[in-house]
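Observations on chain architecture
Spelled out from the first residue to the last, the chains are:
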Amino acid sequence: MPNVSSKLVSSASKTLGLSERTFSRGAVAAICAVYFYTTVYPKVKHLIYAPPKPPTAKNESDVSTSSAQKSGDSRKKGPAVNKEFLKQLRHLIKIIIPSALSKEAGILYLHTASLIARTFLSIYVAKLEGRVVKYIVRKDVSKFALMMTQWITIAIPATFINSMIRFLESCLAMSFRTRLVKYSYDLYFKNQCYYRISNLDGRIENADHCLTDDIQAFTSSIAHLYSHITKPILDALLITISLAQLAKQRSGAMIPGPALGFFVAVFTGRLLRAVSPRFGKLVAEEAARQADLRAAHSRIITNAEEIAFYGGHKVEQGMLEVCYRRLVQQRGTIFSQRLWYVMLEQFLMKYVWSGAGMVIVSIPLLTGRGKSQSDDSGEKGVSERTEYFTTTKQLLVSGGDAIERLMTSYKEIVELAGFTSRVGNMLQVFGDVHNSKYERPALQLAAGSEERSTRYSRSAHPGLLYSSTGMPLIRGVVTESTDGSIVLESVPVVTPACDVVVPSLTLTIRPGMHLLIAGPNGCGKSSLFRIISGLWPVYAGLLQKPDISTMFYIPQRPYMSVGSLRDQVIYPDSLSTMMTKGRTDKDLMNILGIVNLQHIVGREGGWNARQDWKDVLSGGEKQRMGMARLFYHHPQYALLDECTSAVSIDVEGQMYQAVKDAGITLLTITHRPSLWKFHDHLLQFDGEGGWKLSTLDSANDATAGELVNGSSAECVSSGDSSFGEAENLVTESKDLID
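In short, a report on the structure. What you are looking at is a predicted structure, and each value in this text was computed from that prediction instead of being measured.

Attention now goes to the overall build of the chain. A count of helical and extended segments in the chain gives 27 helices and ten strands. By residue count, 43% of the 738 residues in the chain fall in the buried class.

Listed below in structure tokens is the structure:
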């Protein structure tokens, strides 16, 4: 039997042109590789990827889960390198590279050319270094000087290419970010998305963090990952070809060296991937906790005065410390996961690969044939072997670095999956909000609770339907009014928390019909303005209204924008828009005269003065500035929500009379009885879902007296109720007047 085996080995080695020793080693290595792949690898794979055992249910209630719980579990799954990641990444790439002729594509082409040039330069430098060492061994001074001249000469373009690669990577990341930011901003400010995602939808808690840090992290990661993957692949491919050519020049075996390197690289990659932690999920959670910490700081800055008045600094400090501890805990988890992973990674790539490299270098030298012993053992032979060894060593170092970057790139790909998930989910939520698809996770989890189900059945509207997640279905009809009137037919007032404040409201407001809206806190007064303005959806019934440009809303705390004093009056118009309308600074001065604010022009240094207006102007001045905007824009309807509560009664009366004289229809929410005389209709809410519409005239003074005395009134609603809190309303009004 041994004679038969030796004959087979001898005949096969002669057929392939290899020595019997080389053929035997190759055959043994192939048999070991096949055995490992067919026997050992499946068992290791089964141990690593074995599916978890299904949990045993103690009862039927544990086994059955609601659709809301299922959706919640799906959202808790962390980002990973899967089909969903590839789908989101493909969508984002179409955004950041819109076409093959775009600016981003041009930078990408130039970046790719730089990477290819750098790979060829690396191979040339490795061969040049081998020649330098060869002539050192030969003691050939003239050739050594020539090689050193070439070395210094090639260093200039090599260093330029290296610097260009980093420069183009930064330019690529900035171009990607600019394109993605512009796309995101267009979605964010379209159809009042910036309001809806924070008030009607609950999937994005910190949109500011997503629009800034997450986009920056995603674009930087994908730009860096492109060069971190493309160049190593080019290096590995071209260096493998170069090693095979060098082995062929030495008349050695061409296949075993590259094959061994490929086997070691594949084995290392599979092992590292199998034991790699879920860095994508960890990084996404870290970004979320970082966003929570930033939001906590922002909340303190926004409400600093209120916190100072209440003395709540200890509570706020405690919340900040909790957010920071959660962030530190998450980063500690990431650091600990990376500790052992990097240890294994360095062991495989530094020591295992070094040993494999020594074997790869030695194979052509030990198996080389075709040269006489004298040629190979003389001074020339020593220098040739030294040149080969030096060149091969440098190529293997470059190739090993390339393979190492490819191995570590998987970790970066997983981290990119986390950034891609956050940015992709943000854009998906923006799209859902544009299509009036809202989700609130807290409501979905509580959709099946008995308390919420009872509340739905008690205050249900005949046309109001709920989905399985607990969100009401948007089935209302919104049309544009032809005569400028506002018509509500069986429209329920539903808050973003899905609480039905008023089950059904039927109301018609025509131009010139000045309506006063009264009622206790939380009864739906401001909610009605939000529905009319289009901020909140119409879940049922019919809403007819004129164009949104014919309505102007002024809240109790007017928003002071960043800009000049002129910008505060004409907001949201710009200076160019004001000039297009034919308005001048003289017109603005006349408007400020109506609201008794003409003195602030001289006090603050003219129309172009720029200040932090929310701090410079007092509460009453800011409210009068809001009324000045009303006179500037001159809408058809003025939606006034306690917008003069800090203004004296005499100035307030002058402004309201001026609004009526300008032909603007008043829709006013107020607790001050002094403003009733400027209105001819009264809409009263009782806070229990009931409402009543009546006229305000000289014959209706008795109604006002009843409210002052705290008497009840009949209400038209789904269920009769009284105005038991009217006395509190009037008491608050008296306190304000005093």
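To continue, consider the packing of helix α6 (residues 103–138) against helix α7 (residues 141–188). Where α6 contacts α7, the axes come no closer than 8 Å and their chain directions differ by 160 degrees. For the element pair α6 / α7, the angle class is roughly antiparallel. Here α6 runs over α7; the crossing is left-handed. Looking at the contact of α6 with α7, its residues break down into 26 nonpolar, five polar and eight charged.

Attention now goes to unusual backbone geometry. The step from Tyr 571 to Pro 572 runs through a cis peptide bond, and the omega angle for that step is 10 degrees. For Pro 572, the location among the structural elements is in the loop between α19 (565–570) and α20 (575–580). Phi is positive for Asn 191, which is not a glycine, with a value near 55 degrees. Topologically, Asn 191 is positioned in the loop between α7 and α8 (193–199).

A separate point is the pairing of strand β9 (residues 681–685). In terms of residue burial, β9 counts as a mostly covered element, since four of its five residues are buried. Between the end of β9 and the start of strand β10 (residues 691–695), which pair antiparallel, lie five residues, with Gly 687 showing a positive phi angle near 85 degrees.

Ordered in space as β1-β5-β2-β3, the four strands form an open sheet in which the pairing is mixed. Bordering the open sheet on either side are β1 (477–480) and β3 (500–509), each of which pairs with just one other strand. Adjacent strand axes in the sheet meet at a mean angle of 25 degrees, parallel and antiparallel pairs treated alike. Relative to strand β5 (residues 542–545), strand β2 (residues 486–494) runs antiparallel, the two being bridged by three bridges. Bridge pairing links Val 487 to Gln 544 in β5. Packing against the sheet, helix α18 (residues 525–533) makes contact with β2, β3 and β5, and its axis sits at approximately 120 degrees to β2.

So, on to the side chain of Glu 621. Locating Glu 621 in the fold gives a position in helix α24 (residues 619–633). Apart from the residues lying within four places of it in its own chain, the contact partners of Glu 621 are Leu 597, His 599, Ile 600, Arg 603 and Val 616.

One way to put it is that helix α5 (residues 83–96) packs onto α7 with a least axis distance of 8 Å and a crossing angle of 100 degrees. Judged on the interaxial angle alone, α7 and α5 are roughly perpendicular. Mapping the contact onto sequence places His 91, Leu 92, Ile 95 and Ile 96 in α5 and Phe 176, Arg 179, Leu 180 and Tyr 183 in α7. Its residues placed into classes, the contact of α5 with α7 shows six nonpolar, one polar and one charged.

Turning to helix α25 (residues 649–661), a few remarks are in order. For α25, which comprises 13 residues, the first-to-last C-alpha distance of 18 Å matches the rise-based estimate of 18 Å (1.5 Å per residue) to within 8%. Those residues of α25 lying buried are Val 651, Glu 652, Gly 653, Met 655, Tyr 656, Ala 658 and Val 659. The positive-phi residue at the C-terminal boundary of α25 is Gly 663, with phi of around 80 degrees.

Quick look at the packing of aromatic side chains now. Any two aromatic rings considered together are summarised by their centre-to-centre distance and by the angle between their planes. Overall, the coordinates contain seven aromatic pairs when judged by the stated rule. With a centroid separation of 5.2 Å and 80 degrees between ring planes, the pair formed by Tyr 188 and Phe 189 is classed as edge-to-face. Given the relative accessible area of 55%, Phe 189 is considered exposed. One aromatic cluster is present, formed by Tyr 188, Phe 189, Tyr 194 and Phe 430 through successive ring pairs.

Glancing now at the nonpolar core. With 70 residues, the main nonpolar core has Leu 180, Phe 218, Met 426, Phe 430 and Phe 685 as its most contacted residues. Once residues within four sequence positions are removed from consideration, Phe 218 is found in contact with Leu 89, Leu 92, Leu 180, Leu 416, Phe 419, Thr 420 and Val 423. Counting 37 residues, the second-largest nonpolar core is a separate cluster that includes Leu 592, Leu 597, Ala 638 and Val 651.

On inspection of all chains with the given rule, the structure shows 19 salt bridges. Glu 285 serves as the salt-bridge partner of Arg 289, at 2.9 Å between the closest nitrogen and oxygen. Taken together, the residues span about one helical turn, with Arg 289 and Glu 285 both in helix α11 (residues 279–302) at a distance of four residues. Here the residues in one salt-bridge network are Asp 201, Arg 203, Asp 432 and Glu 439, joined through shared partners.

Each value, and the rule that gives it
Residues numbered from 1 in each chain as written. Predicted model: local features only at pLDDT ≥ 70, side-chain atom pairs only at ≥ 80, totals over all residues. Heavy atoms only, no water. Helix = DSSP H or I, 4+ residues; strand = E, 2+ residues; numbered from the N terminus. Buried < 20%, exposed > 50% of the residue type's maximum accessible area, 1.4 Å probe, protein only. Axes fitted to C-alpha atoms, helices over the stretch in contact; angles between N-to-C directions. Parallel < 35°, antiparallel > 145°, perpendicular 65-115°, else oblique. Left-handed = near helix turned anticlockwise from the far one by under 90°. Nonpolar A, V, L, I, M, F, W, Y, C, P; charged D, E, K, R; others polar. Pairing = 2+ DSSP bridges. Contact = heavy atoms within 4.5 Å. Expected span 1.5 Å × (residues − 1). Phe/Tyr/Trp six-rings, centres within 6.5 Å; stacked < 30°, edge-to-face > 60°. Core = buried A, V, L, I, M, F, W, Y, C linked by side-chain atoms within 4.5 Å. Salt bridge = Lys/Arg side-chain N within 4 Å of Asp/Glu carboxyl O.

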